[in-house]
Amino acid sequence: MTAPLIVLVGPMGVGKSTVGELLAERLGTGYRDTDADVVATAGKAISEIFIDEGEERFRALEREAVRAAVDRHTGVLALGGGAVLDDGTRALLAGLPVVYLSMDVDEAVRRVGLNTARPLLAVNPRRQWRELMDARRHFYEEVARATVATDDRTPEEVALAILDALELPERTGEPVPSGRESTGMTENGTTRIRIDGTAGTDPYDVLVGRQLLGELPGLIGDRAKRVAVLHPEALAGTGEAVREDLASQGYEAIAIQLPNAEEAKTVEVAAYCWKALGQTGFTRTDVIVGVGGGATTDVAGFVAASWLRGVRWIAVPTTVLGMVDAAVGGKTGINTAEGKNLVGAFHPPAGVLCDLAALDSLPVNDYVSGMAEIIKAGFIADPVILDLVEADPQGARTPSGAHTAELIERSIRVKAEVVSSDLKESGLREILNYGHTLAHAIEKNERYKWRHGAAVSVGMVFAAELGRLAGRLDDATADRHRAVLESVGLPLTYRGDQWPKLLENMKVDKKSRGDLLRFIVLDGIGKPTVLEGPDPAVLLAAYGEVSA
């Protein structure tokens, strides 16, 4: 029998996943989460298990997940918040290097918000948090070899405190990444990036690598009887191949063909999908798989969110844009005549498979369009991305570039960090909209014939100029926007005579508050902030800098 190096226990939101991945990286080992194991076994979200089968059933599944992990996992293991309530689970932890991560109620409010629904937190979350902790604290302390407080500490500081408490040496010889750069690496070279669950949602993994479709059945699970594969017309062969593969494994699999690109994001297309699901008897335990670019995964996620008030779905993005943006974070939606993504839902997937092989046949303009979102991630959070692009701009334009995998992984990590903290765009997540306010207005003005990344590129140059004119951004960083974007072939300008129409379009942007326009601007690289209600003259002047 093997045993984990470290077992992490503690309440929801304490950061077990983030700290666990950091520890695994520092120790040169693997990371495992029993909540994810339970979801994979049950084939549905933890919240659904609570609703459909009750807490007792969930605890039984959780106990078996802990038993399997303790028997076979030799790295870092994280348990669900209530796992220690079960007598059998506590017995399994006897003698293991268990660390209890603690936090007080004020820290819990800051991290996860106790005004959001959780399976065991309702009505008065603050009071019930205290009651839960009163009931669980002695169990945490009973199983733990060490207790590490997380209040006012960064994940890195918590990880170091755990290593000190257990007297475990770090792996040496390689630099240790910080923050979300810690990920799991499977034996076949696939990178696994964890998206933490927030606001009552479950955590899920984004896998980046090659030959990943074999992971689909494990994500779908045994409870699903039917699977609907949604794909664009341009990927009819791929969609049918996925359907046939799933059918050969015993699922009742159907393929639903969507129009290409933004033409798929209409209520008529969504209604067509609902009809197909209804005619095949699709139930709440069945699963939707979206195979395609960002528009396809947007529609697949929205259909999944709206069918029977929410069914599980899996994203298989096949474009750069789909991998680094649309498929990560759970924002789903369709367009209306009034604007882009005005109808939608927050409905995170059960998993995301980013198979880099899909990029090999992507047209160059589509590939370059996706680079806009990667460069955006560099400006708002990870300047290493900008360094990599500047070092080899021609390589950044092609999937065969030396840094392709790293650029995509770094961009996903940026978004993972943000959406793990703010699922529903109540605060931090707004920074992901850098350049998007003008971009969405351009897309609407062009009747969605412009590529999203091209519009975002112009939008970022506009945002940089707006930040410069508002006295927020230095000249060098504003100019760097133009240099980096132009180096990979992205546009920097738009028609100057369209400003009145664009201004009207921006007033119905999702980030606006009433008639108050809001823009994400930079105080410097990696320092995004909100600029509310800028002077109309400053807006016009900024647009003048991107006018053709």
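Just above, that's the structure.
Now for a description of the structure that goes with this document. Only a predicted model underlies this, so the values are computations on that prediction, with no experimental measurement involved. (Residues numbered from 1 in each chain as written. Predicted model: local features only at pLDDT ≥ 70, side-chain atom pairs only at ≥ 80, totals over all residues. Heavy atoms only, no water.)

Okay, the overall build of the protein next. Counting its regular elements, the protein contains 21 helices and 17 strands. Split into buried and exposed, the 548 residues of the protein put 56% on the buried side. Put simply, of all contacts in the protein between residues at least 6 apart along the chain, 74% involve residues at least 24 apart. For the protein, the computed accessible surface area is about 21600 Å², with 50% contributed by carbon and sulfur atoms. (Helix = DSSP H or I, 4+ residues; strand = E, 2+ residues; numbered from the N terminus. Buried < 20%, exposed > 50% of the residue type's maximum accessible area, 1.4 Å probe, protein only. Contact = heavy atoms within 4.5 Å. Areas by Shrake-Rupley, 256 points an atom, 1.4 Å probe, with all protein chains shown as cover.)

Not every positive phi belongs to a glycine, and arginine 309 is a case in point at roughly 60 degrees. Residue position: arginine 309 is located in the loop between helix H11 (294–306) and strand E12 (312–317). Positioned with a positive phi, tyrosine 448 is a non-glycine residue whose angle comes to about 60 degrees. You can see tyrosine 448 is positioned in the loop between helix H17 (436–445) and helix H18 (452–469).

Right, let's get into helix H2 (residues 34–42). Every buried residue of H2 is listed here: Thr34, Asp35, Asp37, Val38, Val39 and Ala42. Packing partners of the buried residues in H2 comprise strand E2 (31–33), helix H3 (46–72), strand E3 (76–78) and E12. Two to three positions downstream of the cap, the backbone nitrogen of aspartate 35 sits 2.8 Å from a side-chain oxygen, assigning the N-cap of H2 to aspartate 33. (Polar contact = N/O pair within 3.5 Å; in protein donor to acceptor, adjacent residues only side chain to side chain.)

Turning to the nonpolar core, a few remarks are in order. By size, the foremost hydrophobic cluster in this structure holds 95 residues, and its most contacted members are Val206, Ile288 and Phe462. The contacts of phenylalanine 462, once residues within four sequence positions are left out, are Leu438, Trp499, Phe519, Leu539, Ala542, Tyr543 and Val546. In terms of nonpolar packing, the next biggest core, distinct from the first, is built from 21 residues, Val14, Leu22, Val148 and Ala161 among them. (Core = buried A, V, L, I, M, F, W, Y, C linked by side-chain atoms within 4.5 Å.)

Bringing the packing of aromatic side chains into the picture now. All chains considered together, the criterion is met by seven aromatic pairs. Here the aromatic rings of tyrosine 100 and tyrosine 140 are separated by 4.9 Å at their centres, their planes lie at 20 degrees, and the arrangement is stacked. In this pair, tyrosine 100 is assigned in strand E4 (residues 98–102) and tyrosine 140 in helix H6 (residues 125–143), connecting sequence segments 40 residues apart. Taken individually, tyrosine 100 and tyrosine 140 each receive the classification buried, so the pair is uniform in this respect. Consider the rings of tryptophan 450 and tyrosine 494, whose centres lie 5.3 Å apart with planes at 90 degrees: the pair is edge-to-face. With a gap of 44 residues between them, tryptophan 450 in the loop between H17 and H18 and tyrosine 494 in the loop between helix H19 (475–487) and helix H20 (499–506) connect regions that are remote in the sequence. (Phe/Tyr/Trp six-rings, centres within 6.5 Å; stacked < 30°, edge-to-face > 60°.)

So, about the pairing of strand E7 (residues 191–195). Counting buried positions over the five residues of E7 gives four, a clear majority of the element. Looking at chain direction, E7 and strand E8 (residues 204–209) are connected through five bridges and run antiparallel. Residue isoleucine 193 lies in a different strand from E8, and its bridge partner there is valine 206. (Pairing = 2+ DSSP bridges.)

To continue, consider the side chain of arginine 194. Note on placement: arginine 194 falls in strand E7. Residue classification places arginine 194 among the buried positions, given a relative accessible area of 5%. Among the polar contacts made by the side chain of arginine 194, one reaches the main-chain carbonyl oxygen of tyrosine 204 at a distance of 3.5 Å. Within the local environment of arginine 194, its side chain forms a polar contact with the side chain of aspartate 205, the two groups lying 2.6 Å apart.

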